[in-house]
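Listed below are the residues making up each chain.
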Amino acid sequence: MTREQILNYLKSSDESQLETLWQAADEVRRREVGDAVHLRGLLEISSHCIRECHYCGLNIGNTALMRYRMPVEEIMACAHEGLSFGYGTVVLQAGEDPGLTRQWVADLVRRIKGETPLAVTLSLGERSEEDLAAWREAGADRYLLRFETSNPALYQRIHPVLPGGVPDRIALLRTIKALGYETGSGVMIGIPDQTWDDLAADIELFRELDLDMIGVGPFIPHGATLLGQKGAWTIATEEQVPNTELMTYKVMALARLVCPSANIPATTALATLNTPTGRELCLSRGANVVMPNLTPKKYRALYEIYPSKACIDETAADCRACMHGRIRSIGREVGRGRGDAPRRQLA
Ligand code: 5AD
Ligand code: FES
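Conventions adopted
Residues numbered from 1 in each chain as written. Chains lettered and ligands numbered in written order. Predicted model: local features only at pLDDT ≥ 70, side-chain atom pairs only at ≥ 80, totals over all residues. Heavy atoms only, no water. Helix = DSSP H or I, 4+ residues; strand = E, 2+ residues; numbered from the N terminus. Salt bridge = Lys/Arg side-chain N within 4 Å of Asp/Glu carboxyl O. Near = heavy atom within 4 Å. Polar contact = N/O pair within 3.5 Å; in protein donor to acceptor, adjacent residues only side chain to side chain. Areas by Shrake-Rupley, 256 points an atom, 1.4 Å probe, with all protein chains shown as cover. 1 Å grid on protein atoms, 1.4 Å probe; cavity = no way out; pocket = protein on both sides within 12 Å on 5 of 7 lines; lining within 4 Å. Sits in = over half its atoms within 2 Å of the grid points. Points joined across faces, edges and corners; volume = space filled by probe spheres on them. Nonpolar A, V, L, I, M, F, W, Y, C, P; charged D, E, K, R; others polar.

(A) Summary view of unusual backbone geometry. Even without being a glycine, Asp 193 presents a positive backbone phi close to 75°. Within the secondary structure, Asp 193 is located in the loop between strand S6 (188-189) and helix H8 (196-209).

And the structure:
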């Protein structure tokens with residue numbers, strides 16, 4: 001698929017053209033990864049963060065937010081609960097928290113791998129190659145790190161420069177891949193000043209990086225961040241990518257076409273824009289994974305990356321029942337096993 005074709009779909013409002021896109025994505029999804037929808041239990045293990053990302057509610061400047069770090073025993077109990085729910089994967093996600101030391105995370109991964117058959121996915125931000133290698137050694141299977149945007153100027157605008165210079169997430173993703181992790185990345189859609197070309201280049205980068213997992217969601221303004229303020233949008237309206245539900249489906253469908261065998265989740269950010277039917281629509285337009293929240297209810301409201309996040313008032317059991325119902329309602333089946341990337345299953 002050429003840049004021109006990608007741009008064409010991104011900008012299209014022609015219903016029959018979009019219907020063609022949804023069908024193409026659905027067919028490729030069925031052919032490449034089948035009808036099973038894999039469940040990844042999401043555990044938000046720490047809301048501490050030392051970074052200042054201008055879009056994220058967990059940024060260090062948000063001093064109004066009470067922070068938590070889950071104790072190991074509690075994490076283990078949640079992992080076992082996920083296993084009893086039939087999940088094949090636990091995703092350990094956190095802000096960029098140096099309190100999660102190399103050793104602590106390695107020990108945790110070893111314990112989960114020793115006590116359960118779960119695949120372990122880490123989503124702990126930009127960490128050193130030594131950390132990443134130690135965790136892989138401990139048995140971690142997958143790593144998620146969104147590059148957020150492929151445009152370096154926009155990247156710098158939304159991430160303040162650190163003393164060591166601008167970190168290169170794309171280089172880090174290549175390192176993660178070289179360490180043998182199944183590698184996931186993605187972007188936000190409709191970041192202030194994100195242009196159509198930027199987004200088309202993001203989709204081309206998914207293809208170039210040959211990602212195993214692709215997570216995309218709409219940018220949702222958070223009042224406690226710089227990009228959550230009205231003045232954040234400065235480019236002409238016709239150049240700005242809208243942060244809408246429709247744009248998110250388009251990017252998801254195109255991601256499926258450029259990375260046919262990737263695991264693509266129906267994300268919580270999209271479900272936040274359309275709670276009644278958003279996940280179902282994702283699953284019929286290219287997605288094949290859902291990430292039910294396993295985090296204990298008492299912590300959920302504190303992991304407020306963006307406002308009105310879906311599943312804040314639910315328990316882990318609620319989310320399990322909800323996801324099962326949604327998957328069945330569209331005639332798909334709940335995945336069994338770990339739901340590894342298809343090329344790993346061949347290896
Ligand atoms: N709106 C939507 N998505 C966000 N993320 C962070 N802040 C926001 C926001 N305000 C996404 C980023 C990050 C992931 C964990 O959550 O893409 O990588
Ligand atoms: Fe949490 Fe639907 S997945 S309530």
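(B) Main features of the pattern of salt bridges. Scanning the entire structure with this criterion turns up 26 salt bridges. Residues Glu 32 and Arg 31 are paired through a salt bridge, measuring 3.2 Å at the closest nitrogen-oxygen approach. Bridged by salt links that share partners, the residues Lys 113, Asp 141, Arg 142, Glu 182, Arg 338 and Asp 340 form one connected network.

(C) Examining the site of ligand 1 more closely. Around ligand 1 sit Tyr 55, Cys 56, Arg 146, Glu 148, Met 188, Pro 218, Phe 219, Ile 220, Ile 305 and Tyr 306, and that is every residue in its neighbourhood. Glu 148 places a polar side-chain atom, nitrogen or oxygen, 2.6 Å from an oxygen atom of ligand 1. Across the complex, the protein chains shield 86% of the 410 Å² of accessible surface that ligand 1 would expose by itself. Structurally, ligand 1 is housed in the largest cavity.

(D) Region of interest: empty space enclosed by the protein. Applying the stated criterion to the full structure yields two cavities of 30 Å³ or more. Along the walls of the largest cavity sit 49 residues, with Gln 93, Ser 123, Arg 146, Glu 148 and Ile 305 positioned nearest its centre. Those elements that place two or more of their residues in the lining of the largest cavity are strand S1 (36-46), strand S2 (89-94), strand S3 (119-123), strand S4 (142-144), strand S5 (182-185), strand S7 (213-214), strand S9 (265-266) and helix H10 (268-273). Broken down by element, the residue count for the lining of the largest cavity peaks at four residues, all from S2. Within the lining of the largest cavity, the residues separate by chemical class into 26 nonpolar, 13 polar and ten charged. Within this model, the second largest cavity holds a volume of roughly 40 Å³. Within the lining of the second largest cavity, the residues separate by chemical class into four nonpolar, two polar and three charged.

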